[in-house]
Amino acid sequence: MLLGNLLSGEECEQMIEAARLKLARSTVVNAATGAYDVHPDRTSSGTHFERGETELVSRIEQRISELIGCPAENGEPLQVLHYTPGAEYKPHYDYFDPAQPGNEAVLAMGGQRIATLVMYLNDVDAGGSTVFPALGLDVLPRRGSAVYFAYASESGETDPRTLHGGSPVLAGEKWIATKWLRQRRYCGAGA
């Protein structure tokens, strides 16, 4: 689902400025060990804001909860990501494969991820789209807009058609805020 004007221009700028000084190289969950590792498929930098950490974060989380119909407490911390020219996130799934031993710990924090909301905090000069290869969908980043996609049922069955990635930024920079939603109350780090 594509959503226009989810965030105001002022909210986008405030999120970027709040994140700018906290950025570190992005990591991924290692499905074999459960560790958070730097991986060559994900070359962005990022940070997160705990649930309700600021008035702005609280307001955005409440808006997401009302729009999607998912309790705010089921959301992971709001993550802000920054991509410079050449940075990308190769196609991947946001859900966790329960057959992988390293995912046991992350699944214990609130169950399976069931949906993702990617909010675009700026317009990108060139590149940086969100691509869904199996669906033939390419979402251009536009400030204040968002793309929402669900990929797991309440019982935890996942949908492989939600393979997605962030194409390389070709010019300028890309800022996004990502909210992952779980089956139950999220009780992991940063909750």
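Structure: see above.
Residues numbered from 1 in each chain as written. Predicted model: local features only at pLDDT ≥ 70, side-chain atom pairs only at ≥ 80, totals over all residues. Heavy atoms only, no water.

**Q** Describe the overall build of the chain, and please don't skip the residues or the numbers.
**A** The secondary structure content of the chain amounts to three helices and 15 strands. Taking 2.2 N^0.38 as the reference for a compact globule, 191 residues should give roughly 16 Å; the C-alpha atoms of the chain span a radius of gyration of 15 Å, in line with that estimate. Its C-alpha atoms give the chain principal-axis dimensions of about 40 × 35 × 30 Å. By the burial criterion, 49% of the 191 residues in the chain qualify as buried. Considering only intrachain contacts with a sequence separation of at least 6, the fraction spanning at least 24 residues in the chain is 78%. Here the chain has roughly 8,900 Å² of accessible surface; of this, 53% comes from carbon and sulfur atoms. (Helix = DSSP H or I, 4+ residues; strand = E, 2+ residues; numbered from the N terminus. Rg over C-alpha atoms; globule rule 2.2 N^0.38 Å. Buried < 20%, exposed > 50% of the residue type's maximum accessible area, 1.4 Å probe, protein only. Contact = heavy atoms within 4.5 Å. Areas by Shrake-Rupley, 256 points an atom, 1.4 Å probe, with all protein chains shown as cover.)

**Q** Give me unusual backbone geometry: which residues, what numbers.
**A** At Asn-5, a position not held by glycine, the phi torsion is positive, near 55 degrees. Tracing the chain through its elements places Asn-5 in the loop between β1 (2–3) and α1 (9–20).

**Q** Could you give an account of the packing of aromatic side chains, with specific residues and numbers?
**A** Two aromatic rings, taken as a pair, are described by how far apart their centres are and by the angle between their planes. As enumerated under the stated definition, the model contains four aromatic pairs in all. Taking 5.0 Å as the distance between ring centres and 85 degrees as the angle between the ring planes, the aromatic pair formed by Phe-132 and Phe-149 counts as edge-to-face. In this pair, Phe-132 sits in strand β10 (residues 130–132) while Phe-149 sits in strand β12 (residues 146–150), placing the two residues 17 residues apart along the sequence. Pair check on accessibility: Phe-132 and Phe-149 agree, each one buried. Aromatic pair Phe-149 and Tyr-151: ring centres 5.8 Å apart, planes at 55 degrees, arrangement tilted. Linked through ring pairs, Tyr-93, Tyr-95, Phe-132, Phe-149 and Tyr-151 together constitute an aromatic cluster. Stacked on the ring of Phe-49, the Lys or Arg Lys-22 has its end atom at 4.1 Å from the ring centre. Note that Lys-174 overlies the ring of Tyr-83, its terminal NZ or CZ placed 4.8 Å from the centroid. (Phe/Tyr/Trp six-rings, centres within 6.5 Å; stacked < 30°, edge-to-face > 60°. Lys NZ or Arg CZ within 6 Å of the ring centre and 35° of its normal.)

**Q** Tell me about the nonpolar core, and please be specific about residues and values.
**A** With 43 residues, the main nonpolar core has Met-15, Ile-60, Val-80, Tyr-83, Leu-117, Met-119 and Leu-121 as its most contacted residues. Secondary structure elements with two or more residues in this core: α1, α2 (55–68), β6 (78–83), β8 (113–120), β12 and β15 (174–182). Broken down by element, this core gets its largest block of residues, six residues, from β8. Apart from residues no more than four positions distant in its own chain, Leu-117 is found in contact with Leu-3, Leu-6, Ile-64, Ala-146, Val-147, Tyr-148, Ala-177, Thr-178 and Lys-179. Listed in part, the five residues of the second largest apolar core include Phe-96, Val-106, Leu-107 and Met-109. (Core = buried A, V, L, I, M, F, W, Y, C linked by side-chain atoms within 4.5 Å.)

**Q** Explain α2 to me, and be specific about the residues and the numbers.
**A** With 14 residues, α2 should cover 20 Å at 1.5 Å per step; its first-to-last C-alpha distance of 20 Å lies within 8% of that length. Looking at α2, one finds that the buried residues are Leu-56, Val-57, Ile-60, Glu-61, Ile-64 and Ser-65. An end-on view of α2 places all buried positions within 165 degrees of arc, on one side of the element. Opposite the buried face of α2, by more than 90 degrees, sit the exposed residues Glu-55 and Glu-66. Summarising the contacts, the buried residues of α2 are in contact with α1, β5 (45–49), β6, β8 and β15. Gly-69 sits one or two positions beyond α2 and adopts a positive phi of about 80 degrees. (Expected span 1.5 Å × (residues − 1). Arc of directions from axis to C-beta.)

**Q** Just give me the short version of the environment of Gly-4, but keep the residues and values in it.
**A** Secondary-structure assignment places Gly-4 in the loop between β1 and α1. Taking the C-alpha atoms as reference points, Gly-4 and Tyr-95, separated by 91 residues in sequence, lie 25 Å from one another. Sequence-distant contacts of Gly-4, that is, excluding residues within four places in its chain, are made with Gly-144 and Ser-145.

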